[in-house]
Amino acid sequence: MIAEAAPVSTHDKEFNPWLAAEARFNEAARRLELDEGMQKVLRTPAMEVTVHIPVQLDDGRLEVFTGYRVQHSIARGPAKGGIRYAPDVTIDEVRALASWMTWKCAVANIPFGGGKGGVICDPSVLSETELEKITRRYTAELVDVIGPERDVPAPDMNTNEQTMAWIMDTYSMHKRTTVTAVVTGKPFQLGGSRGRVEATGRGCLFVTLQALRRFHMEPADTRVVVQGFGNVGGMASKLMRAAGMKIVCVIEWDGALYNPHGIDITALAQHRKEAGTIRDFPDAEAIDPKDALFLECDVLLPAAKENQIHSQNAGHIRAKILCEGANGPTTAEADRILEDRKVFVIPDILANGGGVTVSYFEWVQDRQGYFWNEGLVNGRLEEIMVNSFKDVTSLADHHGVHNRTAAYMLALDRVAFAVKLRGIYA
Ligand code: GLU
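Within each chain, residue numbers correspond to sequence positions counted from 1 in written order. Where totals are concerned, whole chains, interfaces and linings use all residues; where local detail is concerned, this predicted model gives features only for residues with pLDDT of at least 70, and gives and counts side-chain atom pairs only at 80 or more. Excluding hydrogens and water, the side-chain values take into account all heavy atoms of the structure.

### A look at the nonpolar core
Argument step 1. For our purposes a nonpolar core is just a set of buried Ala, Val, Leu, Ile, Met, Phe, Trp, Tyr and Cys residues, chained together by side-chain atoms within 4.5 Å. Summary of the burial criterion: residues with accessible area below 20% of their type's maximum are buried, those above 50% are exposed, and those between are partly exposed, where the area comes from a 1.4 Å probe applied to protein chains only. Judged by nonpolar contacts, the single largest core of 82 residues is most densely connected at Leu42, Trp103, Ile346 and Leu412.
Argument step 2. Secondary structure elements follow DSSP: runs of H or I no shorter than four residues count as helices, runs of E no shorter than two count as strands, and numbering proceeds from the N terminus. The greatest single-element share of this core, amounting to 11 residues, is contributed by helix α14 (residues 403–422).
Argument step 3. Contact between two residues is taken to exist if any of their heavy atoms lie within 4.5 Å; hydrogens are not considered. Every residue in contact with isoleucine 346, bar those within four places of it in the chain, is listed here: Val207, Thr208, Ala211, Ile321, Leu322, Cys323, Glu324, Ala351 and Phe389.
Argument step 4. Of all hydrophobic cores here, the second largest spans 26 residues; its members include Val51, Ile53, Leu126 and Val183.

Next comes the structure, spelled out in structure tokens:
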């Protein structure tokens, strides 16, 4: 189970990510008493581009795919954010995700704005060659939009190191020189950074450890439920287990596994690699995925997709800490329910900032042409995640607001400050 029984459709008001982003923005702007004009500047995306991508499929047919790139803000630096491939990508979704990148980079205090891209396609039915063609033509259409000083894409849902290698190559061919810093999340051999693949999961670990400290909880007594066993959920559970926590449940789209003594994550990853599914894993009990999200636990880590915790199911959540590994896993309407239930939420724009933070390190390394070892990357990542956690939670304590509102307040204030300093060019 990834999507719960409720009518999860981006056409529904509650499930429209752009409206969800707006609701959080409005609350923080009101608390900060930001003036109307500044609110307009901050909420409006700086640029939105739609491209149509003609591709010859393997069977000879011509198909045209639609792609987007939204630069939400460039006030604090180049736009930064991933590209996702999915059949249900919408401009509202890309717009929301681009704005979340702006706030995420501001919370981490790294010198980027926010952007996001998406292509409407179903990678599960496309061959490697077809994906390469889509990626290269999408990049060629955006060659004047992206760039190391303008807008730096990265992987997101259904894109990976190989996708980034194609983008880097296509962009470089157009520029007649190799430009590694145009994308992050590249293979290490092409200017990628050590630790980038693990970075989002590792960042989730660092902020979760901070939350445990706050509640005087020990990792060894911590039960974790993870939704999603992809890059973020898979890495986070591996690293959390290595830190002593028990991963009692893993939920995937095709099943859920439960073991109160903790699942052996390395063995599960191996099983999934061989079997292509988490089902039939011998060392855990198969449970109904519909109930798994509601297990009593210390940490719930939604690391799949948007809108998983909503007004219909938030009342059943029995986690002490919610660490949002995915972007937008909780709807704005669910926020209030979780607040009433006293769930300690580590909001997405804080919790999953580890990925873009190491992307920033990658960009710095590419521009310097000097590469860091993994210890240095992870140490600097920890410093940023711990500082971000402290910045957000101190602001929350100071203003008597919840962490999500505090994170947005911190981010809006930092971006508004940059806009004021730069002034409005006319
Ligand atoms: N797609 C990731 C995110 O949503 C990473 C973005 C990046 O590294 O630019 O944070």
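### A word on helix α5 (residues 161–175)
In an α-helix, one turn spans 3.6 residues, which is why side chains three or four residues apart end up on the same side.
Argument step 1. Taking 1.5 Å per residue, 15 residues should reach 21 Å; α5 reaches 21 Å between its end C-alpha atoms and fits that length.
Argument step 2. Inspection of α5 places Thr163, Met164, Ala165, Trp166, Ile167, Met168, Thr170, Tyr171 and Ser172 among the buried residues, and these make up the whole buried set.
Argument step 3. Those residues of α5 that are buried are in contact with β3 (79–86), α4 (128–141) and β5 (151–155).
Argument step 4. Here a polar contact is recorded for every N or O atom pair within 3.5 Å, except that within protein the pair must consist of a potential hydrogen donor and a potential acceptor, and residues adjacent in sequence are included only if both atoms are side-chain atoms. Two to three positions downstream of the cap, the backbone nitrogen of glutamine 162 sits 3.0 Å from a side-chain oxygen, assigning the N-cap of α5 to asparagine 160. The length a helix should cover is 1.5 Å for every residue beyond the first.

### Things to note about the pairing of strand β7 (residues 246–252)
One face of the sheet, then the other: side chains in a regular strand alternate in exactly this way.
Argument step 1. Most of β7 sits out of view: 6 of its 7 residues are buried.
Argument step 2. Pairing analysis gives 5 bridges linking strand β6 (residues 223–227) to β7, with the strands arranged parallel. Bridged to arginine 223 within β7 is lysine 246.
Argument step 3. Chirality of the crossover, the property in question, places the unit of β6, helix α7 (residues 231–242) and β7 among those that are right-handed.
Argument step 4. Between the end of β7 and the start of strand β8 (residues 255–258), which pair antiparallel, lie 2 residues. For two strands to be treated as a pair, DSSP must find at least two bridges joining them. By convention a crossover is right-handed if, when the strands point away from the viewer, the path from the first strand over the helix to the second runs clockwise.

### Some thoughts on the packing of helix α2 (residues 36–43) against α14
A pair of packed helices is captured by two measures, namely the crossing angle of their axes and the spacing between those axes.
Argument step 1. Where α2 contacts α14, the two axes come as close as 11 Å, and the packing angle between them is 100 degrees. On the basis of their axis angle, the class for α2 and α14 is roughly perpendicular. Listed contacts from α14 to Met38, Val41 and Leu42 of α2 are Leu412, Val415, Ala416, Val419 and Lys420.
Argument step 2. Considered class by class, the residues forming the contact of α2 with α14 number 7 nonpolar, no polar and 1 charged. Angles run from 0 to 180 degrees between N-to-C directions of axes, and those axes are lines fitted to C-alpha atoms, restricted for helices to the stretch in contact. Throughout, the term roughly parallel applies to angles under 35 degrees, roughly antiparallel to angles over 145, roughly perpendicular to angles from 65 to 115, and oblique to all others. Residues are grouped as follows: Ala, Val, Leu, Ile, Met, Phe, Trp, Tyr, Cys and Pro are nonpolar; Asp, Glu, Lys and Arg are charged; all remaining types, including Gly, are polar.

### As for the packing of helix α3 (residues 91–108) against α14
Argument step 1. Here α3 crosses α14 at 90 degrees, and the two axes come no closer than 8 Å. With respect to α14, the axis of α3 lies roughly perpendicular. Along its contact with α3, which presents Trp100, Thr102, Trp103, Ala106 and Val107, the element α14 presents Ala407, Tyr408, Leu410, Ala411, Leu412, Arg414 and Val415.
Argument step 2. The residue makeup of the contact of α3 with α14, split by class, is 10 nonpolar, 1 polar and 1 charged.

### Points about helix α10 (residues 332–340)
Argument step 1. Within α10, burial applies to Ala332, Ala334, Asp335 and Leu338. All buried residues of α10 project into a common sector of 135 degrees when viewed along the axis, lining one side. Pointing more than 90 degrees away from the buried face of α10 are the exposed residues Arg336 and Asp340.
Argument step 2. The inward-facing, buried residues of α10 contact α1 (17–32), β11 (319–323), β12 (344–346) and α14.
Argument step 3. Just downstream of α10, lysine 342 is the residue with a positive phi angle, here 60 degrees. Arc, as used here, means the arc of the directions from the helix axis to the C-beta atoms.

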